[in-house]
Amino acid sequence: MKKSVIFGALTVAGLAAGAAAAGTLEDVQARGKLNCGVTTGLVGFAAPDANGVWKGFDVAVCRAVAAAVLGDGNAVEFVPTTGKTRFTALASGEIDMLARNTTWTFSRDVDLKFTFVGVNYYDGQGFMVPKDLGVSSAKDLDGATVCIQTGTTTELNLADFFRSNNISYEPVPIETNAEAQQQYLSGACDVYTTDASGLAATRATFEAPGDHVLLPEIVSKEPLGPLVRHGDNNWGDVVRWTLNALITAEELGVSSANLAELSAGTNNPEVNRLLGTEGTLGEMLGLSADWAKNAIAVGGNYGEIFEGNIGEATPIGLARGLNAQWTEGGLLYSPPFR
């Protein structure tokens, strides 16, 4: 088992080294399209609508990067990936970036040779159960069957939680959220565990969401964010600072409603640098002066993207919580644009 795990890690790392040899920014510009890895379908985060158009919180990051690089937020090919296939898809060069509820961990960063460019959602692992199961705490789940996505951090977190509380469980392995939903609703497992945001998104699609409860325990830290391959620092900078542009825009009060007005110039130097009317930040990245303006124009700033896709006014119903701006008591914080 140890040999196979090491070989798998070395294979992914080797693919990453080869794929990063060429400049991803130049490849995307020559292709005229960004290949962005997303989940196979999680409403609110990344899922095609009835017309096959991909929408969601993570999708918005992909579109913002495409707009920054190509000037067109629709110049994206969305590539669905599972917990098992996502890293190989990135390492092999099939996709240019990955934006699909992926947790930043030491081994993924160091051993698999990926670069996490930031955190776009601070999360933690939770548990969902049918209300009629009569359970109010995850510590009451002794002997439960648990649906768990393979190839994810939730597998180890689940084992650690049950072991530390001296209780047992029977895993029901699944590969996609759609499969987990089917198995859970059919009664094949008593519990579904994944990131709490994913549970909220999944529950929102049920015919009777009120018949299911999210237990109070959050048993892990799950900083979720986009990632790229090691070895292509320029491309990493492009994706990193596009995400930072969305975060900074909200902090500075730059939104889809006033973007055109502020782009004419303001008395705030950082707003001007962000929108390209002062300085040479775009040139430093190898992009046009209005790269960040283009990124913000697609779906608005971070707050607009959050509220429009997963916020309290949506069926997902997530509060900002840890994902509020640092000025509002949250963890959201971007380095300065200077």
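Being a predicted model, the structure only gives us computed values, none of them experimental.

K.L.:
Give a detailed account of the overall build of the protein, specifying residues and quantitative values.
P.N.:
Tallying secondary structure elements over the protein gives 14 helices and 14 strands in all. Taking 338 residues into account, the globule formula puts the C-alpha radius of gyration at 20 Å, and the protein, at 20 Å, falls close to it. With the C-alpha coordinates aligned to their principal axes, the bounding extent of the protein is approximately 60 × 45 × 40 Å. Approximately 14700 Å² of the protein is accessible, and the part contributed by carbon and sulfur atoms is 52%. When the 22 basic and 38 acidic side-chain charges of the protein are each reduced to a single mean position, those positions are 5 Å apart.

K.L.:
How would you summarise helix H3 (residues 57-70) if you had to cite specific residues and measurements?
P.N.:
In an α-helix, one turn spans 3.6 residues; hence positions three or four apart end up facing the same way. With 14 residues, H3 should reach 20 Å at 1.5 Å per residue; the first-to-last C-alpha distance of 20 Å fits that figure. Burial of H3 is extensive: 13 of the 14 residues sit out of reach of the surface.

K.L.:
Report on the sheet that holds strand S10 (residues 169-174), specifying residues and quantitative values.
P.N.:
Ordered in space as S10-S9-S11-S8-S12, the five strands form an open sheet in which the pairing is mixed. Two strands in the sheet have a free side with no partner beyond their single neighbour: S10 and strand S12 (212-214). Adjacent strand axes in the sheet meet at a mean angle of 30° when their direction is disregarded. Each of strand S8 (125-130), strand S9 (144-149), S10, strand S11 (191-195) and S12 is contacted by helix H7 (residues 177-186), which is oriented at about 135° to S10, the strand it contacts most. Against the sheet, helix H8 (residues 196-203) engages S8, S11 and S12, with an angle of about 125° to S11.

K.L.:
Provide a residue-level description of the nonpolar core, including the pertinent values.
P.N.:
Met 97, Trp 235, Val 254, Leu 274 and Trp 291 are the most contacted members of the largest nonpolar core, which totals 58 residues. Top contributing element to this core by residue count: H3, with ten residues. Within the second largest apolar cluster, 14 residues are counted, among which are Phe 127, Ala 138, Val 146 and Ile 148.

About the cut-offs
- Residues numbered from 1 in each chain as written.
- Predicted model: local features only at pLDDT ≥ 70, side-chain atom pairs only at ≥ 80, totals over all residues.
- Heavy atoms only, no water.
- Helix = DSSP H or I, 4+ residues; strand = E, 2+ residues; numbered from the N terminus.
- Rg over C-alpha atoms; globule rule 2.2 N^0.38 Å.
- Areas by Shrake-Rupley, 256 points an atom, 1.4 Å probe, with all protein chains shown as cover.
- Lys, Arg positive; Asp, Glu negative; His and termini not counted.
- Charge placed at Lys NZ, Arg CZ, Asp CG, Glu CD.
- Expected span 1.5 Å × (residues − 1).
- Buried < 20%, exposed > 50% of the residue type's maximum accessible area, 1.4 Å probe, protein only.
- Pairing = 2+ DSSP bridges.
- Axes fitted to C-alpha atoms, helices over the stretch in contact; angles between N-to-C directions.
- Contact = heavy atoms within 4.5 Å.
- Core = buried A, V, L, I, M, F, W, Y, C linked by side-chain atoms within 4.5 Å.

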